Amino acid sequence: MVTGARIAMNTGPHSMPTDLHLMTLMQWLSPGFPISSYAYSHGLEMAIAEGNVTDAESLHDWLDGVLSHGTGRSDAIWVRVSYGAADNDELDALNAQAIAFMPAHERRLEAQKQGAAFVRTLNEVWKTDLPNDLLLPLALGAAARRQVIDPDRVVPLYLQAFLANLVAAAQRLMPLGQIEAQRILARLHPQTLSVARATQGLMISDIHSAAFMSDIMAMRHETLQPRLFHT
């Protein structure tokens, strides 16, 4: 079983990302990058439909839980572990393990479809040769390694993009104005950075989840009719 090696990163001044690295990372994580992230709610649609999320405060608490104790933390570790993969064979083995960790079919669908779209564009534009069936966080980690982008820069921005997409989904599902939506994201910034830092040096054996309601909502979402989102 692949466990993932701990990666020793250079933290000196020469490890800081260049403007080009930052621009590349911002492009990958932009809502305009063609992975159809807007089509997925990560179970949030079901949570709102069942009354678990009803207003800005409960949305903040829900996202904080997913970030700190669920997919956010787990994905951050997968990004870091995949960054350490030496070749595509190791990536494939890691990907199989990541799929096994998925708690629901819709979660797997979400990560697989976005990952495949990410890799398809990456291989065409940046001329890489990543496997086309990688889950999104593994695809991002592997892409960052090939572009020599420090994972300590990748992880917090990935988590920020993940949360921003869920807030945007909530705006289509409940009364939530633009100002309040941005206020929620701003409130989550410190915890986003905290989770990103806490995952430095972690391995697959450190992955766990306690965001049980989020997982249950993802499992039940496939029966919701009508619905706006795939997940």
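Residues numbered from 1 in each chain as written. Predicted model: local features only at pLDDT ≥ 70, side-chain atom pairs only at ≥ 80, totals over all residues. Heavy atoms only, no water.

Asker: Even after reading the chapter, I still don't get the overall build of the chain, so can you show me in this structure?
Answerer: A count of helical and extended segments in the chain gives 10 helices and 0 strands. Scanning the chain from its N terminus toward the C terminus, one meets helices and strands in the order α-α-α-α-α-α-α-α-α-α. Against the 2.2 N^0.38 benchmark of 17 Å for 231 residues, the chain shows a C-alpha radius of gyration of 17 Å, consistent with a compact globule. By principal-axis analysis of the C-alpha atoms, the chain measures approximately 45 × 35 × 35 Å. Counting the 231 residues in the chain, one finds 52% classified as buried. Pairs at least 24 residues apart make up 77% of the contacts formed inside the chain by residues separated by at least 6 positions. When the accessible surface of the chain is summed, it comes to about 10900 Å², and 56% of that surface belongs to carbon and sulfur atoms. Separation between the mean location of the 17 positive side-chain charges and that of the 23 negative ones in the chain comes to 2 Å. (Helix = DSSP H or I, 4+ residues; strand = E, 2+ residues; numbered from the N terminus. Rg over C-alpha atoms; globule rule 2.2 N^0.38 Å. Buried < 20%, exposed > 50% of the residue type's maximum accessible area, 1.4 Å probe, protein only. Contact = heavy atoms within 4.5 Å. Areas by Shrake-Rupley, 256 points an atom, 1.4 Å probe, with all protein chains shown as cover. Lys, Arg positive; Asp, Glu negative; His and termini not counted. Charge placed at Lys NZ, Arg CZ, Asp CG, Glu CD.)

Asker: Just checking my understanding: could you explain the confidence of the model for the chain for this structure?
Answerer: The predicted coordinates should not be examined in detail at positions where pLDDT is low. Averaged over every residue, the pLDDT of the chain is 92; residues scoring 70 or more account for 93%. When the criterion is pLDDT under 50, residues 1–16 qualifies, and its contacts beyond four places in sequence or with other chains add up to 23 contacts. (pLDDT = per-residue confidence, 0-100.)

Asker: Looking at this structure, I do not really get the environment of Asn95. What am I missing?
Answerer: Among the secondary structure elements, Asn95 is positioned in helix H5 (residues 88–100). Separated by 12 residues in sequence, Asn95 and Tyr83 have C-alpha atoms that sit 12 Å apart. Setting aside anything within four residues of it in sequence, one finds Asn95 in contact with Asp133, Leu134, Leu135 and Leu138. A polar contact is formed between the side chain of Asn95 and the backbone nitrogen of Leu135, at a distance of 2.8 Å. (Polar contact = N/O pair within 3.5 Å; in protein donor to acceptor, adjacent residues only side chain to side chain.)

Asker: Explanation requested: helix H9 (residues 178–198) in the structure shown.
Answerer: Residues that lie three or four places apart on an α-helix share one face, since the helix turns once every 3.6 residues. The end-to-end C-alpha separation of H9 is 30 Å, in line with the 30 Å expected for 21 residues at 1.5 Å each. By the largest-angle criterion, His189 marks the main kink of H9, which is about 40 degrees, and a proline, Pro190, follows within four residues. Residues of H9 that are buried include every one of Ala181, Ile184, Leu185, Leu188, Thr192, Val195 and Ala196, and no others. Looking at the packing, one finds that the buried side of H9 touches helix H3 (56–69), helix H4 (71–83) and helix H8 (151–173). (Expected span 1.5 Å × (residues − 1). Bend = angle between axes of the 7 residues up to and from the residue.)

Asker: What is the right way to read the nonpolar core from this model?
Answerer: In this structure, Trp28, Leu44, Leu63, Phe118 and Leu176 are the most contacted members of the largest nonpolar core, which totals 66 residues. At 9 residues, the largest contribution of residues to this core is made by H8. Among all residues touching Phe118, those that are not within four sequence positions of it are Trp28, Phe33, Ile35, Leu136, Ala139, Leu140 and Ala143. (Core = buried A, V, L, I, M, F, W, Y, C linked by side-chain atoms within 4.5 Å.)

Asker: Looking at this model, I keep getting lost on the side chain of Thr231. Mind explaining?
Answerer: Here Thr231 is to be found in the segment after helix H10 (212–220). A distance of 3.3 Å separates the side chain of Thr231 from the backbone nitrogen of His42, its partner in a polar contact. Within the structure, the side chain of Thr231 is placed 2.6 Å from the side chain of Glu110, a separation counted as a polar contact. Setting aside residues no more than four positions away along its own chain, Thr231 makes contact with Ala39, Tyr40, Ser41, His42, Gly43, Glu106, Glu110 and His221.

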